[in-house]
Amino acid sequence: MLDIYAGKSALETIKKDGFKQELFSSFLGASGGPKWFCLFELDKYLFGEFFKDRTSELNLIGSSAGAFRAACFAQNDPVAAITRMAESYSETVYSDKATPEEITGKARDLLDYVLGDNGANEIIENNIFKAHFLVNKTNGFVASENKVAQSIGLIKSIILNRFDRKFLIKQYERFVFKSPTSSLNINDHCNFKTTYANLTTANLQDALLASGSIPIVMQGIKDIAGVPSGMYRDGGIIDYHFDFQLKNNNGLILYPHFNSNPKAGWFDKNLKRKVKSENYDNIVMLVPSFKFVESLPFSKIPDRNDFTKMDANQRIKYWKTVLSETKRLSDSFNKFLINGNLSNIKKIG
């Protein structure tokens, strides 16, 4: 049910030391909206069992839905938090012609429910599970809330990205809103300007919302506390599934993901461009198998198109079924840990 992939160095380490939670020093959570539902029970197992007795720091790096997940994992009760997120997200209903204002408002409601009264403080003060939310500061037309201007900016991005991701550096800057005690740094071969800002009670919710603020679909988040004024949007624009290295990271990186073919940025989704293999050298990916996905209703994992292609009752029923079915993935991972059959691990690339 669950496929496990590892980069060359990661595979060598696991074969030498076994598959132990102590080997990992970072955790990645990608963008993708409700695609994350296919990892729900696996997430619960990882932070309710696998990392339960963790005593050394684990850096949680996420963009968009991955940032929302990181915000759950860094709370005192990660299983309860991720369960609240799945419940609220799956049951969200929009009007037929939902505006960016409505969608953004519903996202704020979701975060209010997920964070509760003290979630923000728990995340900031957690010295074991250290959250890092990736956000993009937008420049030029993509910073506009006018749909026409913003669309022109996005079209420009699509064209420039077809030639090289590096051509996007004037339109987008990476901001990493991080645990105040984190020393993690991103080594990015594309050289996007990267700024690090400590999470505070004044900026945490805005930073988290900005990380998931999809262009056109949602409002951007303007003038977040503690960082330069400007328009901040979805972290997945340049860090969709990640294509960078982590500095000050001495262990392996665990990366549960929707598939085994990650794409660097949002504009790479429909391109054949691959991530750099050296950036996945010390990564271990946990991926739902093709057989598992085929067994789901409609033979696919959830995605944002479900909001428009299905009525609310059908979509909610489908999403709840997927959430329940992912128990098979956590069971599969638990069985792997018990059996210790490392021969089933596939090499990334």
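In this text, all values refer to a predicted model and were calculated from it rather than measured experimentally.

Engineer: I would appreciate a short explanation of the overall build of the protein chain in the present structure.
Structural biologist: Secondary structure assignment for the protein chain yields 12 helices and 13 strands. In terms of overall dimensions, the protein chain is globule-like: its C-alpha atoms have a radius of gyration of 19 Å, near the 20 Å expected for 349 residues. Once the C-alpha set of the protein chain is aligned to its principal axes, its extents read approximately 55 × 45 × 45 Å. A burial count over the protein chain gives 56% of its 349 residues as buried. For the protein chain, long-range pairs separated by at least 24 residues make up 76% of all intrachain contacts whose partners lie at least 6 apart in sequence. Surface exposure of the protein chain reaches about 15100 Å², of which carbon and sulfur atoms provide 50%. Computed over 45 positive and 38 negative side-chain charges, the separation of the two mean positions in the protein chain equals 7 Å.

Engineer: Even after reading the chapter, I still don't get empty space enclosed by the protein, so can you show me in this structure?
Structural biologist: Summary: where empty space remains is shown by rolling a probe the size of a single water molecule over the atoms. Enumeration according to the criterion identifies two cavities of 30 Å³ or more in this entry. The calculated volume of the largest cavity comes to roughly 40 Å³. Looking at the largest cavity, the residues that line it are Leu28, Phe242, Asp243, Phe244, Leu246, Ile253, Asn279, Tyr280 and Ile283. If you add up the space inside the second largest cavity, you get close to 30 Å³. Lining the second largest cavity, in full, are Ile61, His132, Val176, Leu184, Asn185, Ile186 and Tyr196. Its residues assigned to classes, the lining of the second largest cavity shows five nonpolar, two polar and no charged.

Engineer: What should I look at first to understand the state of the cysteines in this one?
Structural biologist: Disulfides are covalent bonds that connect the sulfur atoms of two cysteines. Applying the stated criterion across every chain yields a total of zero disulfides. As a non-bridged cysteine, Cys38 has Cys72 as the owner of its nearest cysteine sulfur, 16 Å distant.

Engineer: Help me understand the packing of aromatic side chains, please; the structure alone is not making it clear to me.
Structural biologist: Each aromatic ring pair is specified by the distance between its two centres and by the angle formed by the two planes. Scanning the model with the defined rule gives 29 aromatic pairs in all. Residues Phe27 and Phe73 carry aromatic rings whose centres are separated by 5.5 Å and whose planes lie at 80° to one another, so their mutual orientation is edge-to-face. With Phe27 in strand β2 (residues 24-29) and Phe73 in helix α3 (residues 65-73), the pair connects residues that are 46 residues apart, well separated along the chain. Take Phe73: its relative accessible area is 1%, and that puts it in the buried class. Of the aromatic side chains, those joined through ring pairs into one cluster are Phe19, Phe24, Phe27, Tyr45, Phe47, Phe50, Phe51, Phe73, Phe129, Phe333 and Phe336.

Engineer: Can you help me understand the pairing of β2 in this one?
Structural biologist: Every other side chain in a regular strand lies on the same face of the sheet, so the side chains alternate between the two faces. Extensive coverage of β2 is indicated by the burial of six of its six residues. Relative to strand β11 (residues 252-256), β2 is paired through three bridges, and the arrangement is parallel. Within β11, the position partnered with Phe27 by the bridge is Leu254. Examined bridge by bridge, β2 and strand β3 (residues 58-63) share four bridges and lie parallel to one another. Looking at the pairing, Leu28 lines up with Ile61 of β3. With helix α2 (residues 40-50) bridging β2 and its parallel neighbour β3, the resulting β-α-β unit is right-handed.

Engineer: Teacher, can you tell me more about the layout of surface pockets here?
Structural biologist: Of the pockets and cavities examined, the largest pocket occupies roughly 990 Å³. Counting residues per element, the lining of the largest pocket draws most heavily on helix α5 (residues 100-115), at four residues. Each residue belonging to the lining of the largest pocket can be placed in one class, and the counts come to 20 nonpolar, 10 polar and nine charged. Its boundaries defined by the atoms lining it, the second largest pocket holds a volume of some 320 Å³. Around the second largest pocket, the lining comprises 15 residues; the ones closest to its centre are Ser260, Val275, Ser277, Ile348 and Gly349. Considering only residue class, the lining of the second largest pocket consists of six nonpolar, five polar and four charged.

Cut-off values and rules
Residues numbered from 1 in each chain as written. Predicted model: local features only at pLDDT ≥ 70, side-chain atom pairs only at ≥ 80, totals over all residues. Heavy atoms only, no water. Helix = DSSP H or I, 4+ residues; strand = E, 2+ residues; numbered from the N terminus. Rg over C-alpha atoms; globule rule 2.2 N^0.38 Å. Buried < 20%, exposed > 50% of the residue type's maximum accessible area, 1.4 Å probe, protein only. Contact = heavy atoms within 4.5 Å. Areas by Shrake-Rupley, 256 points an atom, 1.4 Å probe, with all protein chains shown as cover. Lys, Arg positive; Asp, Glu negative; His and termini not counted. Charge placed at Lys NZ, Arg CZ, Asp CG, Glu CD. 1 Å grid on protein atoms, 1.4 Å probe; cavity = no way out; pocket = protein on both sides within 12 Å on 5 of 7 lines; lining within 4 Å. Points joined across faces, edges and corners; volume = space filled by probe spheres on them. Nonpolar A, V, L, I, M, F, W, Y, C, P; charged D, E, K, R; others polar. Disulfide = S-S within 2.5 Å. Phe/Tyr/Trp six-rings, centres within 6.5 Å; stacked < 30°, edge-to-face > 60°. Pairing = 2+ DSSP bridges. Right-handed = clockwise from strand over helix to strand, strands pointing away.

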